[in-house]
Amino acid sequence: MNHHDDETDRWIEWAVGTPVESSEVLLGGMSSVVRRITLADGSAIVVRHITNREWLMREPDLISREARALELLVGSTVPAPKLVVSDPGAGRLAMTMLPGAAHHASPQLRSSTEALADLAAAVAGVPLPAGHGLPMWRSWAPADPTPPAWGDSGLWAECLAAYATEQPPLPENLVLLHRDFHPLNVLW
């Protein structure tokens with residue numbers, strides 16, 4: 001599906017110095033519109049534009065943090081895109097395009113659990129230099145969570161009880177953590 005956002009197209013053209021030929025909305029983007037931008041030279045980049053203004057107001061440094069994380073991943077074993085340009089004030093970030101597809105069907109996800117765990121471990125294995133520029137982790141979870149109506153209510157009760165009573169140990173070393181790590185944020 002072609003989806004032009006003239007303001008974003010002008011921003012990309014200014015940033016990379018090449019005209020935008022077309023754009024396509026990609027799967028994913030629960031709080032953002034994610035588009036593949038094809039440039040006149042035939043290359044493609046991906047633009048994430050946060051459209052959830054309330055979330056962006058609550059997390060005004062979100063794009064800056066994501067840009068910094070992409071910079072930290074350069075040269076690591078994590079197959080991550082490279083930062084092209086970011087515009088934190090507008091909630092936009094452009095990155096190189098990687099091959100792959102997001103899995104959203106249950107059979108695909110069940111077979112991907114081990115690979116997801118390996119990828120999360122690889123992200124946590126990226127060294128964080130002094131003055132890395134990222135904030136410490138903080139929970140987004142409510143103080144008194146209630147289980148959702150879907151799923152195994154017994155398992156949810158067990159998980160919520162553990163959440164309420166267990167305090168995770170403080171790490172000896174700081175690690176990089178993907179705060180929105182889920183199957184629609186991973187390419188396969």
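Sequence order sets the numbering: in each chain, residues are counted from 1 along the sequence as written. Owing to the predicted nature of the model, reporting of local features is limited to residues with pLDDT of at least 70; listing and counting of side-chain atom pairs is limited to 80 or more, with chain, interface and lining totals taken over all residues. Only hydrogens and water are removed before side-chain values are computed, so all heavy atoms of the structure are retained for them.

**Q** I keep staring at the pattern of salt bridges and nothing clicks. Help me out?
**A** Any two side chains of opposite charge can pair, on the condition that their charged atoms come close. A side-chain nitrogen of Lys or Arg and a carboxyl oxygen of Asp or Glu constitute a salt bridge if their distance falls within 4 Å. Scanning the entire structure with this criterion turns up nine salt bridges. For R58, the salt bridge goes to E54, with nearest N and O atoms at 3.8 Å. Here R58 and its partner E54 are both found in helix α2 (residues 53–58), four residues apart, which amounts to about one turn of the helix. With a relative accessible area of 53%, R58 lands in the exposed category. Partly exposed residues are those whose accessible area sits between 20% and 50% of the maximum for their type, while under 20% is buried and over 50% is exposed, using a 1.4 Å probe and protein chains only. Classification of E54 as exposed rests on a relative accessible area of 58%. Across the pair R65 and E59 runs a salt bridge, and its minimum N-O distance is 3.0 Å. For R65, a relative accessible area of 9% puts it in the buried group. According to the relative accessible area criterion, E59 is buried, its value standing at 3%. Connected through salt bridges with shared partners, the residues E7, D87 and R92 form a single ionic network. A run of H or I in DSSP counts as a helix once it spans at least four residues, and a run of E counts as a strand once it spans at least two, with each numbered from the N terminus.

**Q** What's the story with the sheet that holds strand β1 (residues 20–25) in this structure? I'm lost.
**A** Taken together, the five strands give an open sheet; going across it, the order is β1-β2-β3-β5-β4, and neighbouring strands pair in antiparallel fashion. Both edges of this open sheet fall to β1 and β4 (83–87), since each of them pairs with a single strand only. Averaged over all neighbouring strand pairs, the angle between strand axes comes to 20°, with direction disregarded. Any two strands with at least two DSSP bridges between them are considered paired. Taken together, the four bridges between β4 and strand β5 (residues 92–96) define a ladder with antiparallel strand orientation. Opposite V85, over in β5, you have A94 as the bridge partner. Contacts are assigned to residue pairs that have any heavy atoms within 4.5 Å of one another. To obtain an axis, a line is fitted to C-alpha atoms, over the contacting stretch when the element is a helix, and the angle between two such axes runs from 0 to 180 degrees between their N-to-C directions. Each of β3 (44–50), β4 and β5 is contacted by helix α3 (residues 62–73), which is oriented at about 20° to β5, the strand it contacts most.

**Q** Which parts of the structure should I look at to understand the pairing of β3?
**A** The two faces of the sheet receive side chains in turn, since in a regular strand these alternate between them. For β3, the tally of buried residues reaches six of seven residues, placing the bulk of the element in the interior. Sheet topology note: the strand β2 (residues 32–39)/β3 ladder contains seven bridges and is antiparallel. Opposite T38, over in β3, you have A44 as the bridge partner. The hairpin turn running from β2 into β3, its antiparallel successor, is four residues long, and G42 in that turn takes a positive phi close to 90°. Bridge analysis of β3 against β5 gives five bridges, and the strand direction is antiparallel. Within the sheet, the bridge partner assigned to V46 lies in β5 and is M95.

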